[in-house]
Each structure stands twice: as C-alpha cells, then as structure tokens.
Amino acid sequence: CARAEAYGHLVDVAAECLALRNFNGVFTILAGLELASVHRLKATKGALAPRHRAALEDLTDLVSYSANRRRYRRELEAATPPCVPYLGVFLTDLTFLEQGNPATVEVAAPCGGPPRQLVNWSKHQAYARVLEDVRFYQQSAYNLAPCLPLELYLECAV
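Residues numbered from 1 in each chain as written. Predicted model: local features only at pLDDT ≥ 70, side-chain atom pairs only at ≥ 80, totals over all residues. Heavy atoms only, no water.

Draft legend 1. How the structure looks around the confidence of the model for the chain. This prediction gives the chain a mean pLDDT of 95; 100% of its residues lie at or above 70. Least confident of the elements in the chain is helix α9 (residues 148-157), whose mean pLDDT is 92; most confident is helix α2 (residues 23-33), at 98. (pLDDT = per-residue confidence, 0-100. Helix = DSSP H or I, 4+ residues; strand = E, 2+ residues; numbered from the N terminus.)

Take a look at the structure:
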C-alpha cells in the first residue's frame, strides 16, 4: 500500500531526526502523524512493517506528555550537542514559572516593623536556568556534509 510506504517513510525520517538529536523534527513529524485526518487511517497503520510499528511506538513514547515529558527530558539531558531541542517544553516551563510563582514575596522587617514586599528572586533565577538551557543548545553547530541532490531538491521545492 502506497500510504503505508509513505507513513513508514515519515517514521524513518523521524527516527533519523532522533539519531541526529533533532528533537524538534521528531515532535513536528509525530504531530503531523497525529492530525485527525492521518490518525484515523487505521488500515494504513495496520499495514506498516513491524520495524516501523516498533519505531513509531518508541517515538510516540518519546513525545508523550506523561510525567511532564520525562523521557524527552532524560534524552535531552543525555544528548551531546549539537542537538535541536523541542522549544515547546522550554516555553511550557516558563509559563508554569510565571503562573505558579508570585512576582513578590513578603519578608518580615527587622525590629518588628511592617513586612516588606521584595522581588521574588528565586523565580527569576528559575527563569535564568531555563533560558541558559536554551542558550546552551544554541552554542554548537552541526557539521554535516553537504548533499547536493537534497540541496537542489529543496531549492526547486521553494
């Protein structure tokens, strides 16, 4: 079935993205495969080769929301740069830091005076840790050999 071959090819591309530590590519491809119009192609998924089904299951586990994306976070932490992280996780972390922590904290004044409102410094330190992680992954570039046929294909496709 041509659909199963195309679906299997996308699974192969996602697996290659994972091998290159391009987590954003993996998330993007799997998001496309989870679109309603693709997800409902049960016969196509059923016609996948066993290796494609196993790879798809592994990749689906990687992008799973379970336990605050625990597996993805472990894989990213273990990955040696260069890699392309999935930015959505960093944005989610920043959102939770913003919404889950007050901007100021109340501190008792010395000598029994009225309590003072101070900037919640720990919140800003947590922001800095997330932003430092993003910056860390921007430091290393891939050293991939040029592929002329691919470059020509992409230039013509645009």
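Draft legend 2. Geometry of the environment of Arg21. On the secondary structure map, Arg21 appears in the loop between α1 (2-19) and α2. Linking Arg21 and Pro81, residues 60 residues apart in sequence, is a C-alpha distance of 8.1 Å. If sequence neighbours within four positions are ignored, Arg21 has contacts with Ala79, Thr80, Pro81, Pro82, Cys83, Val84 and Tyr142. At a separation of 3.0 Å, a polar atom in the side chain of Arg21 contacts the main-chain carbonyl oxygen of Pro82. (Contact = heavy atoms within 4.5 Å. Polar contact = N/O pair within 3.5 Å; in protein donor to acceptor, adjacent residues only side chain to side chain.)

Draft legend 3. Region of interest: the side chain of Thr44. Residue placement: Thr44 occurs in helix α4 (residues 42-46). What Thr44 contacts, discounting residues up to four positions off in sequence, is Arg3, Ala4 and Tyr7.

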